[in-house]
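Commentary on secondary and tertiary structure
Letter by letter, the chains look like this.
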Amino acid sequence: MTTGEQELRELVAGCAWFTRALTVVRDSGLPDAWIGAGALRDLVWGERYGDGFDPTTVRDVDVVFFDPTRLTRDDDHRATARLTAAWPDPPWQARNQAAVHTWYAARFGGDPIEPYRSVAEAVATWPEYATAVVVRLDPADRLEVCAPYGLADLLGGVWRHNPARVDVARSRQRLARHRPAQRWPGVTVIEPG
């Protein structure tokens, strides 16, 4: 276990809301299910670079899972409904990473993408390095971390474009929408381009 993983474990363990969300996801029965992206970033940056973490400001709880046998958007909706039935408060958003190739080009434009082979491969394409991190609880309540690019940007408070899938124009749109420097004054923004 790296020092960064230990720091992340401590931040997550110190937040009852996030721990409950992880427990709901683990107990949901969704295959290879993780929480990551914005909700995890909001927790870490709120605690380290802002005024603390406020679960009521989380836009969505991105839950990723991997099931190559169920590839429809209806399956994503059913997965989201399953999480909502277990705990109605968070704004859950479950997405089967095995199915992203079936809708990505229609949703975001561009050429069709190849099917992902794992959650880690999918996470490696997420828009910023700091949000290309997912976590989950194992059956013994130990936190597992999947961070294809490491944890330096997440823990170090660096907003940096990941060019793997998102172009510069869309990255600038995300930066304008999320306003990281205003939300978390200690965060460093590296302008895309």
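Residues numbered from 1 in each chain as written. Predicted model: local features only at pLDDT ≥ 70, side-chain atom pairs only at ≥ 80, totals over all residues. Heavy atoms only, no water.

An unreviewed UniProt entry annotates the protein chain as Nucleotidyltransferase family protein originating from Micromonospora zamorensis.

Digging into the side chain of R95
The criterion, for reference: In this text, helices come from DSSP runs of H or I with a minimum length of four residues, and strands from runs of E with a minimum of two, each type numbered from the N-terminal end. The buried label applies to any residue whose accessible area, calculated with a 1.4 Å probe on protein chains only, is under 20% of its type's maximum; exposed applies above 50%, and partly exposed to all values in between. Here the positive residues are Lys and Arg and the negative ones are Asp and Glu; neither His nor the chain ends is included. Criterion for a salt bridge: a side-chain nitrogen of Lys or Arg within 4 Å of a carboxyl oxygen of Asp or Glu. Pairs of residues are marked as contacts when any of their non-hydrogen atoms sit within 4.5 Å.
Mapped onto the elements, R95 comes out in strand β3 (residues 92-96). Here R95 sits buried without a salt bridge, and the closest side chain of opposite charge, D76, lies 4.3 Å off (N-O distance). Beyond its immediate sequence surroundings of up to four residues, R95 is in contact with V63, V64, F65, R73, D76 and W103.

Examining the pairing of strand β2 (residues 61-65)
Working note: regular strand, side chains alternate between the two faces of the sheet. Put simply, the test is: In this scheme, strands are said to pair when DSSP sees at least two bridges between them. Handedness of a crossover is defined as follows: orient the strands so they point away from the viewer, and if the path from the first strand over the helix to the second runs clockwise, the crossover is right-handed.
With five of five residues buried, β2 is to be regarded as a mostly interior element. Every second residue of β2 is oriented toward a common face, with V61, V63 and F65 on one face and D62 and V64 on the other, all of them buried. Examined bridge by bridge, strand β1 (residues 34-36) and β2 share three bridges and lie antiparallel to one another. Of the residues in β2, the one forming a bridge with W34 is V64. Bridge count for β2 against β3 is five bridges, and the pairing is parallel. Following the sheet pairing, V64 is matched in β3 by R95. In this view, the connection linking β2 to its parallel neighbour β3 by way of helix α4 (residues 73-86) has right-handed handedness.

Here we look at the sheet that holds β1
As a reminder of what qualifies: Axis definition: a line fitted to C-alpha atoms, over the contacting stretch in the case of helices. Angles run 0 to 180 degrees between N-to-C directions.
The mixed open sheet is built from five strands, whose spatial order is β3-β2-β1-β4-β5. Every other strand in the sheet has two partners, leaving β3 and β5 (143-146) as the edge strands with one partner each. Put simply, the sheet's adjacent strands are angled 30 degrees from each other on average, direction ignored. Alignment of strand β4 (residues 134-137) against β5, held across four bridges, turns out to be antiparallel. Bridge pairing links L137 to L143 in β5. Where helix α1 (residues 3-13) meets the sheet, its contacts fall on β4 and β5, and the angle it forms with β5 comes to roughly 125 degrees.

As for the layout of surface pockets
So the rule is basically this: Definitions used throughout: a 1 Å grid over protein atoms alone; a cavity as a set of points that fits a 1.4 Å probe which cannot get out; a pocket as an open set with protein on both sides within 12 Å along at least five of seven lines; a lining residue as one with an atom within 4 Å of a point. Grid points are joined across faces, edges and corners, and a volume is the space filled by probe spheres set on the points. Side-chain classes follow a simple rule in which Ala, Val, Leu, Ile, Met, Phe, Trp, Tyr, Cys and Pro form the nonpolar group, Asp, Glu, Lys and Arg form the charged group, and the remainder, Gly included, forms the polar group.
Estimates place the volume of the largest pocket at around 920 Å³. In terms of lining, the largest pocket is formed by 33 residues, of which the most central are D62, Q93, F108, P127 and R174. Of all the elements in the fold, those that place two or more residues in the lining of the largest pocket are α3 (38-49), β2, β3, α5 (104-108) and α8 (168-178). For the lining of the largest pocket, the element with the most residues is α8, which contributes five residues. Of the residues in the lining of the largest pocket, the class split is 13 nonpolar, seven polar and 13 charged. Roughly 160 Å³ of internal volume is contained in the second largest pocket. Forming the walls of the second largest pocket are D42, G46, D51, G52, F53, D54, T57, R183 and W184. In the lining of the second largest pocket, the residues fall into two nonpolar, three polar and four charged.

Describing the packing of aromatic side chains
Each aromatic ring pair is characterised by the separation of its centres together with the angle its planes make. Keep this limit in mind: Ring pairs are drawn from Phe, Tyr and Trp, using the six-membered ring of Trp, whenever the two centres fall within 6.5 Å, and their geometry is named by plane angle: stacked under 30 degrees, edge-to-face over 60, tilted for the rest. The rule for a charge over a ring is simple: NZ of Lys or CZ of Arg within 6 Å of the ring centre, and within 35 degrees of the ring normal.
For the structure shown, the criterion picks out six aromatic pairs. When the centroid spacing of 6.3 Å and the interplanar angle of 65 degrees are considered together, the rings of W87 and W92 count as edge-to-face. Looking at W92, the relative accessible area reads 8%, which means it is buried. Chaining the aromatic ring pairs together yields one cluster made of W17, F18, F53, W87 and W92. Sitting over the ring of W103, R73 keeps its end group 4.2 Å from the ring centre.

Some points on the nonpolar core
Put simply, the rule reads: Joining through side-chain atoms within 4.5 Å is the link that ties buried Ala, Val, Leu, Ile, Met, Phe, Trp, Tyr and Cys residues into a set, and such a set is a nonpolar core.
Ranked by internal contacts, the top residues of the largest apolar core, which has 42 residues, are L8, F18, I35, W45, V63, W92 and L154. When sequence neighbours within four positions are dropped, the list of residues in contact with L154 reads L8, L40, R41, V44, W45, A130 and V133. Core analysis: the second largest hydrophobic core is formed by 17 residues, F66, Y104, W126 and C146 among them.

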